[in-house]
Amino acid sequence: MKKTLGLAAAAVLGCLTFGIGAASAAPASPAGLQAAPMVEQVQMTRGERRMMRHHRMHRHMMHRRHMMHRRHMMHRRMHRM
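Let me begin by describing the structure that accompanies this report. Quantities reported herein were computed from a predicted structural model and do not represent experimental measurements.

Our focus in this paragraph is the overall build of the protein chain. Assigned secondary structure in the protein chain consists of two helices and zero strands. A burial count over the protein chain gives 5% of its 81 residues as buried. For the protein chain, the accessible area works out to roughly 8500 Å², and carbon and sulfur atoms hold 63% of it.

Right, dumping it as C-alpha cells:
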C-alpha cells in the first residue's frame, strides 16, 4: 500500500516538475507508469463464501480465547501480590 502511494506521489510530482499538464499530448507519467487495467469482478461461489465465514469465525474464536486467557492470567497475578 505504501509503495503504491509512493509511486503515485512520485508520478504526480514528476508531472508537476516537467510541466506536463492534462492538455498536453505527452504521457501523464514520466517514468512510464500506466494506470492499472479495469479488474473484472467475479462472484464468489457458495463454498468460497462458506470457507471465508469459517475462517472469520475461527479467528474470532481464537481471539476470544486469547483475551480470556489474558484476563485469567491478570486475575491470578493480582491475587499473588
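Read on, since the account is not over.
Once that is clear, we can look at a positive patch on the surface. Positive charge collects at one region of the surface, where R46, R49, R50, R53 and R56 lie side by side. One can find R56 in helix α2 (residues 46-80).

The rules behind the values
Residues numbered from 1 in each chain as written. Predicted model: local features only at pLDDT ≥ 70, side-chain atom pairs only at ≥ 80, totals over all residues. Heavy atoms only, no water. Helix = DSSP H or I, 4+ residues; strand = E, 2+ residues; numbered from the N terminus. Buried < 20%, exposed > 50% of the residue type's maximum accessible area, 1.4 Å probe, protein only. Areas by Shrake-Rupley, 256 points an atom, 1.4 Å probe, with all protein chains shown as cover. Patch = residues over 30% accessible without salt bridge, like charges linked within 9 Å, V, L, I, M, F, W, Y side chains within 5 Å. Salt bridge = Lys/Arg side-chain N within 4 Å of Asp/Glu carboxyl O. Lys, Arg positive; Asp, Glu negative; His and termini not counted. Charge placed at Lys NZ, Arg CZ, Asp CG, Glu CD.

All quantities given are derived from atomic positions and should not be read as evidence of function.
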